[in-house]
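# What the coordinates show
So the chains spell out like this:
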Amino acid sequence: EEEGGAAAAPGEPVPLLESRPASSRVIFLNFEGETVDGTPWNLSYNDGDPIVAAPFGTPAHIPGIWASIAEDYATFDVNVTTERADFENAASGDRVMAIFTPTKSWYGSAGGVAYVDTFGSASNPYAWVFNLTLNGAAESGAHEIGHTLGLRHDGTSSRAYYSGHTHASGVSWAPIMGTGYGRSIVQFSRGEYPNANRSENDLAVVAGYLPPLPDDHGDSAATATEPAPSGPGEVAASGLVGNALDRDLFRIVTGGDGAITATASPHASYRNLDIGLELLDASLVLLQDAAPAGPFDATVAIPGLPAGTYYLRVRGTGLGDLATGYGAYGSIGAYRLEASYPPSPLPETPANLDAADGISTAHVALTWSPSALAQGYRVYRGLSPGGGDAVLLASPPGTTYEDATAVPGTTYLYFVAAFNASGDSPLSPGESGSRQLLPPEPPASVSASDDSPHSIRVSWPAGERAQSYRVSRHTTAAFAASTLLGTTSSLSWHDTTTAPDEGFHYFVESVNSGGASAPVATPSPGVKKPLPPGTPSGLSASDGASSTQTLVSWNAAAGATGYRVYRNTVESSAGAAEIGAPGDATMFTDTGGDPGTVYWYFVRAILAGGDSEPSNLESGYRFAAPPAAPGAVTATRGGHSGGVGGLPDGTPRSP
């Protein structure tokens, strides 16, 4: 087998390359060096000692080696990778490591070596590649990995390795499990060449370890792929020919009379696929077939075709006869298809867009009228008129769509564009729509305090999806007979309208635009205590009436010789700070505290026997004043300056 090249000085990083990262099966191309111990390689070839393999040493070759081997195994569900973590994270039964190294004195002169059927071996997951040239390492790597997957050598009756042959066109061919160094195309084989020593079905053997990928494109008019537009009258697609019988069919619709031109190309540098390309009419009648000898891509081109539906069919093909060419058996792998044709006009902008407003809790239903020349539609959603912030939601084929991702209770603007192979229409005018909120969950519990002479405080925890709460009361636990007190967005309610010692049951319902929850009742009645003698009542505090002060006032208490005023940051008398003692006045002006901050106020009366109970608590605040206007503003233009604020009457303000 070919050898050659010299190891370059190690040190450059190995590029991280992956062919199919989502696959659970891994072929790890190890260019980093490796110490191998306790394997049959050590016991059989190195007297049981560890094998310390040096790094490959030529990082510039690595992308080409990887690309070549990745293409060899492109039709199988396996990740050909240079990322060690992929190998380490794979199950031991789903991986193999090919070590690319100049270290071969322990084995001898060879391009590489591997045991057969060792893919997934827990004790010996290693294959070895000693070739150091790009082509030599790539072909040896694919060959030795093939051994681990169960493949044996392709030779002849007189040679262990078949090195291939050359067609009259100049294209040379060899099997992967022979020696394919320097050949134009190297493929898996089933021994169809002359005097083959083995008729092993390579693809079927490999499939015992690596499942073939599912067919990516259909082969009938019903399952044909419509390739994505790449410009007006231009489309492009990618695919895989998975076996000799695979046919990938693509549909194009032309917008007028004219030429159709299409080219299908395999990998530019490292290929197993020799492509055949056909152009067919709407009835799948063949119009032109291209499978040239020599180039591995294929082009069809017919001028003057009438407007209509046409199909392009991609397949793998062979070359000449099996003695000097090859069949379609191993002609598999990745390709790129590009086509141009007379474009269709852009479709009309969709009209009559309608979006449901809060009808469903599951989605926003959209409908619109069909657009002429449309192949499909794109639905966008945003919050601002004109669609500047709109994002694509979906591309439905028809004129309806249900947006199940809308946040309930949020009103959106929806837009629709029609598209065909030539591009997209302008957006439709925006239409507002919303998804109805689910009714809210009720509060987990409701409590009513009975320790205040001023009010009964009803409180509850937040109910899920609640926007507000309805509070009702009754002298019994019968909600149906209760009286609505009011609605609040807070989590408490102060009922100041009851008489002392009068008990009430309270009921709270969570409410949002989707409805109301079941009511939750207090477990026992709330009762307002009688007002102790000398306790101030009726306290009120101004809410943002001034930027400099908060006015606090109250009703006089019998027997009071004075009052103390308190302020707190929470709705409680505990921990409050005394902020003033206005004598026997029943009003106090608070100029302290931070503007814009809500405080809670109460007062105590000064009685002969000491201070009274606190009055009722009431919130208040002073608003934050706007900033002062800037002074002495100047503007400069063209070398002249002047005070803008000091312009004489009638002076023009435009330059």
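As the structure is a prediction and not an experimental result, all values here were calculated from the model. (Residues numbered from 1 in each chain as written. Predicted model: local features only at pLDDT ≥ 70, side-chain atom pairs only at ≥ 80, totals over all residues. Heavy atoms only, no water.)

### Topic: the packing of helix H2 (residues 62-72) against helix H4 (residues 134-148)
Running from N to C, H2 and H4 cross one another at 35°; their axes reach a closest spacing of 9 Å. Of the two elements, H2 crosses H4, and the hand of that crossing is right-handed. Contacts from Gly64, Ile65, Ser68, Ile69 and Asp72 in H2 reach Leu134, Ala137, Ala138, Glu139, Gly141, Ala142 and Ile145 in H4. Each residue belonging to the contact of H2 with H4 can be placed in one class, and the counts come to seven nonpolar, three polar and two charged. (Axes fitted to C-alpha atoms, helices over the stretch in contact; angles between N-to-C directions. Helix = DSSP H or I, 4+ residues; strand = E, 2+ residues; numbered from the N terminus. Left-handed = near helix turned anticlockwise from the far one by under 90°. Contact = heavy atoms within 4.5 Å. Nonpolar A, V, L, I, M, F, W, Y, C, P; charged D, E, K, R; others polar.)

### Points about the sheet that holds strand S12 (residues 234-241)
Strand order in the open sheet made by the five strands is S11-S12-S19-S14-S17, with antiparallel pairing throughout. Across the chains shown, the open sheet's two edge strands, defined by having one partner strand only, are strand S11 (228-231) and strand S17 (298-305). Averaged over all pairs of adjacent strands, the angle between strand axes in this sheet comes to 20°, irrespective of strand direction. The pairing of S12 with strand S19 (residues 333-340) spans eight bridges and is antiparallel. (Pairing = 2+ DSSP bridges.)

### Topic: the domain arrangement of the protein
Split into domains, the protein comes out as domain 1 (26-209), domain 2 (228-340), domain 3 (351-435), domain 4 (447-528) and domain 5 (537-620). On a C-alpha basis, the centres of domain 3 and domain 4 stand 43 Å from each other. (Domains from an automatic or database assignment.)

### Regarding the packing of aromatic side chains
What the rule picks out here adds up to 25 aromatic pairs. Centre to centre, the rings of phenylalanine 31 and phenylalanine 56 are 5.3 Å apart; their planes meet at 70°, and the pair counts as edge-to-face. You can see phenylalanine 31 sitting in the loop between strand S1 (26-30) and strand S2 (34-36) and its partner phenylalanine 56 sitting in the loop between strand S3 (51-53) and H2, a full 25 residues away along the chain. Ring pairing ties together the aromatic residues Trp41, Tyr45, Trp106, Tyr107, Tyr115, Trp128 and Phe130, which thus form one cluster. When the ring centre of tyrosine 412 is taken as reference, the NZ or CZ atom of arginine 381 above it lies at 4.5 Å. (Phe/Tyr/Trp six-rings, centres within 6.5 Å; stacked < 30°, edge-to-face > 60°. Lys NZ or Arg CZ within 6 Å of the ring centre and 35° of its normal.)

### A closer look at unusual backbone geometry
With glycine set apart, most residues show a phi of negative sign, and most peptide bonds adopt trans. We note that asparagine 195 has phi near 60°; this positive angle belongs to a residue other than glycine. Within the secondary structure layout, asparagine 195 lies in the loop between strand S10 (185-187) and helix H5 (202-207). Take asparagine 195: its relative accessible area is 48%, and that puts it in the partly exposed class. Positive phi, close to 70°, is recorded for leucine 373, a residue that is not glycine. Among the secondary structure elements, leucine 373 is positioned in the loop between strand S21 (364-367) and strand S22 (376-382). (Buried < 20%, exposed > 50% of the residue type's maximum accessible area, 1.4 Å probe, protein only.)

### Quick word on the sheet that holds S21
Taken in spatial order, the three strands make up an open sheet running S20-S21-S24, and their pairing is antiparallel. Each having just a single partner strand, strand S20 (354-355) and strand S24 (400-403) make up the two edges of the open sheet. Sheet topology note: the S20/S21 ladder contains two bridges and is antiparallel. In the sheet register, alanine 355 faces S21, and the bridge partner there is leucine 366.

### So, H2
Two residues of an α-helix separated by three or four positions point the same way, owing to the 3.6 residues in each turn. Of all 11 residues making up H2, 10 are buried, and the element is well covered by its neighbours. For H2, the full list of buried residues reads Ile62, Gly64, Ile65, Trp66, Ala67, Ser68, Ile69, Ala70, Glu71 and Asp72. Residues of H2 that are buried sit in contact with S1, strand S4 (79-81), strand S5 (95-100), H4, S10 and S19.

### Quick notes on the environment of glutamate 502
Checked against the element boundaries, glutamate 502 lands in the loop between strand S32 (492-495) and strand S33 (503-512). Judged by relative accessible area, which is 31%, glutamate 502 ranks as partly exposed. Taking the C-alpha atoms as reference points, glutamate 502 and lysine 529, 27 residues apart in sequence, are found 8.5 Å from one another. Discounting residues that sit within four places of it in the chain, glutamate 502 has contacts with Ile456, Gly526, Val527 and Lys528.

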